[in-house]
Amino acid sequence: MIVAVLLREIAARARIHDALRGHAAVRLCENQEELLTLVAEGLAAIVVVDLRDRTGASTLPAVHAIREGFPSVPVIGYVHVGTGASRDIIALAR
């Protein structure tokens, strides 16, 4: 099983990688296109995604594309709760 991970912070990426060591293969994606390719090719069984990618762009379009095109792939939001994040968290949950 491959868990596709798109997180902005290096420390968060390391935490996920360490937490899943021995349980699942982790693929650290550099951008949304790479994430979507893994899902489209049937390689990613689970997706872990931050509110923003490493360039600062919103990941909501990628999440919507996965939910609409691949509804059997679970998407887990990995969110650092900070000032102004609540609105984005609600949008990600929807």
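Heads up: the structure comes first, above all this text.
These remarks concern the structure in this document. Just so it is clear, the structure is predicted and the values come from calculations on it, not from any experiment. (Residues numbered from 1 in each chain as written. Predicted model: local features only at pLDDT ≥ 70, side-chain atom pairs only at ≥ 80, totals over all residues. Heavy atoms only, no water.)

**Looking at the overall build of the protein chain**
Item 1. The helix and strand tally for the protein chain stands at four helices and four strands.
Item 2. Beginning at the N terminus, the succession of helices and strands in the protein chain can be written as β-α-β-α-β-α-β-α.
Item 3. Considering only contacts within the protein chain whose residues lie at least 6 apart along the sequence, 64% involve residues at least 24 apart. (Helix = DSSP H or I, 4+ residues; strand = E, 2+ residues; numbered from the N terminus. Contact = heavy atoms within 4.5 Å.)

**Overview of the nonpolar core**
Nonpolar side chains tend toward joint burial in soluble globular proteins.
Item 1. If you look at the biggest cluster of nonpolar residues, it comprises 12 residues: Ala 4, Leu 6, Cys 29, Leu 35, Leu 38, Val 39, Ala 44, Val 47, Val 49, Val 63, Ile 66 and Val 73.
Item 2. Judged by nonpolar contacts, the second largest core, of eight residues, contains Val 5, Ile 16, Val 26 and Val 48. (Core = buried A, V, L, I, M, F, W, Y, C linked by side-chain atoms within 4.5 Å. Buried < 20%, exposed > 50% of the residue type's maximum accessible area, 1.4 Å probe, protein only.)

**So, the sheet that holds strand β1 (residues 2-6)**
Item 1. The sheet built from four strands is open, its strands ordered β2-β1-β3-β4 with parallel pairing. The open sheet has two edge strands, β2 (25-28) and β4 (75-77), and neither has a second partner. Neighbour-to-neighbour, the strand axes of the sheet open up by a mean angle of 25°, direction not taken into account.
Item 2. By the bridge criterion, three bridges tie strand β3 (residues 44-49) to β4 in an arrangement that is parallel. Within β4, the position partnered with Val 48 by the bridge is Ile 76.
Item 3. Of the strands in this sheet, β1, β2 and β3 touch helix α1 (residues 10-20), which is tilted by about 165° from β2. (Pairing = 2+ DSSP bridges. Axes fitted to C-alpha atoms, helices over the stretch in contact; angles between N-to-C directions.)

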